[in-house]
Structures are given as C-alpha cells and as structure tokens.
Amino acid sequence: ETSSSKAPAAGANLAKPAASSRYTLGTADVIHVNVWKSPDLSQTVTIGPDGFVSLPLLGEVRAAGLTAEELAKDLSTRLTSYVVHAQVTVSVVDIRSRQVFITGQVGKPGAYPLIAPITVVQLIAQAGGLNTFANRKGIFILRNSTGNMQRLKFNYNNAIHGDVRQNITLQPGDTV
C-alpha cells in the first residue's frame, strides 16, 4: 500500500471526535451551512416551523430532528449532482428550539436558551435574581410532559440552604 492510501483512513479517524455531537436540530435554530469552495451555496439559515430549511439548488430540506453531522451528510449527498465531491459542514449558530421561560418577580423575565443543563436557582440567577416582593416559598415550575401540564412546587429558601431535592433541573419548555 502506498502512504496516500493510508491518509484517508487517518483523516476519517480524526473526524470521529467532531462527530460526537448528539444535539438534535429543532425549529427556530439558526444554522450555518458551509459548502467548501462554494460561497454561493454557503449560508446561514433558520429552521422553519415545519422543520425545513430552504437552500440554493436543493430547495426545501428537512433539518429538524437531525444532528448537524447527519444534515451535512444529507446535503453533501444531495449536492453531488451539482458539485463534484461536495464537502458540507453544518454548524449551530444559535439554539432557539430549546428554551426555558421565567416570569414574575425577577430582574429580567423572559425566554432563555437551554444550552446546557440548568437548575431553577441557576435560571433565577441568570434572570437577575428575585426582586424584593418575590414569594420565595411559592414558586412553581410549569412542565408539559406528554400532553399533561404538571405544576412542580419550588421553595427558593430551602434550595439555597442546601435542599438539593428543591433545585429541579429544567427541561425544554419549562416555565418558572
């Protein structure tokens, strides 16, 4: 074997760590599609409410439910009739499909991206903390699980004094 025939195998091994992302793309996420040496085909797009993105030459392509790597492979395959050896990379620019919400007596109520696991206390801190008039013992987390709305009670005072059972890890769509 020549050394050139071994190079692709080494390159494939190097690509494996980058392929470890398991983040699933969702509606409203902003992604950047880069087609190597084809700036006209490379662009930043938002995944629509139907889960599709509109791309040059390809039209509407499903993106929601796929990882960035899976979408890149799909686009590369679709582009083969237009671009020889199309090398496509997809990167997440802004995560908007996974959000948690906080309302009430906090500094900055609103929607916050759920990029990494976050607890209620961490979200309250991110939102500027509780105001003077906040009912620290009467906070609730509204969670829609399998079509069933749950109302989880949260006692801020107990949580900051070490009651780990109170400090609930939030899920996408939760409202505090």
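Higher on the page you've got the structure.
Bear in mind the structure is a predicted one, so any value in this text is a computation, not a measurement. (Residues numbered from 1 in each chain as written. Predicted model: local features only at pLDDT ≥ 70, side-chain atom pairs only at ≥ 80, totals over all residues. Heavy atoms only, no water.)

Looking now at unusual backbone geometry. For A28, which is not glycine, the phi torsion reads 80 degrees and is therefore positive. Among the structural elements, A28 can be located in the loop between α1 (3-15) and β1 (30-35). According to the relative accessible area criterion, A28 is partly exposed, its value standing at 25%. Notably, H85 is not glycine yet its phi reads approximately 50 degrees, a positive angle. (Helix = DSSP H or I, 4+ residues; strand = E, 2+ residues; numbered from the N terminus. Buried < 20%, exposed > 50% of the residue type's maximum accessible area, 1.4 Å probe, protein only.)

Turning our eyes to something else, we now look at empty space enclosed by the protein. Scanning the entire structure with this criterion turns up one cavity of 30 Å³ or more. In this structure, the largest cavity is lined by V33, V35, L41, L55, P56, L58, L75 and L79. (1 Å grid on protein atoms, 1.4 Å probe; cavity = no way out; pocket = protein on both sides within 12 Å on 5 of 7 lines; lining within 4 Å. Points joined across faces, edges and corners; volume = space filled by probe spheres on them.)

This part covers helix α2 (residues 68-79). Spanning twelve residues, α2 covers 16 Å between terminal C-alpha atoms, matching the ideal 16 Å at 1.5 Å per step. Those residues of α2 that fall on the buried side of the exposure criterion are A68, L71, A72, L75, S76 and L79. Looking straight down α2, one finds that the buried residues subtend no more than 135 degrees of arc, so they occupy a single side. More than 90 degrees from the buried face of α2, the exposed residues found are K73 and T77. Contacts made by the buried residues of α2 are with β1, β3 (52-55), β4 (59-62) and β5 (88-94). (Expected span 1.5 Å × (residues − 1). Arc of directions from axis to C-beta. Contact = heavy atoms within 4.5 Å.)

Tracing the backbone shows F101 in strand β6 (residues 99-102). Sequence separation between F101 and T175 is 74 residues, and the spatial gap between their C-alpha atoms is 4.5 Å. Residues in contact with F101, not counting those within four places in the same chain, are G110, A111, L123, G173, D174, T175 and V176.

Turning our eyes to something else, we now look at the pattern of salt bridges. By the definition in use, this model includes five salt bridges. Among the salt bridges present, the one from R96 reaches D94, with a minimum N-O distance of 2.8 Å. Taking the relative accessible area as the measure of exposure, R96 reaches 40% and is therefore partly exposed. Notably, a salt bridge pairs R165 with D163, separated by 3.4 Å at the nearest N-O pair. (Salt bridge = Lys/Arg side-chain N within 4 Å of Asp/Glu carboxyl O.)

Taken in spatial order, the three strands make up an open sheet running β2-β1-β5, and their pairing is antiparallel. The sheet is open, and its two borders are formed by β2 (43-46) and β5, each paired with just one other strand. Sheet twist, expressed as the mean angle between neighbouring strand axes with direction ignored, is 25 degrees. With four bridges connecting them, β1 and β2 associate as antiparallel partners. Pairing of H32 across the sheet is with T44, part of β2. The strands that α2 touches are β1 and β5; relative to β5, the one it contacts most, it runs at about 140 degrees. (Pairing = 2+ DSSP bridges. Axes fitted to C-alpha atoms, helices over the stretch in contact; angles between N-to-C directions.)

A few words on the side chain of T119. The topology assignment puts T119 in the loop between β7 (110-113) and α3 (120-126). With sequence-adjacent residues up to four places away left out, T119 is seen in contact with N167, I168, T169 and L170.

The values reported here are purely geometric and, on their own, carry no functional implication.
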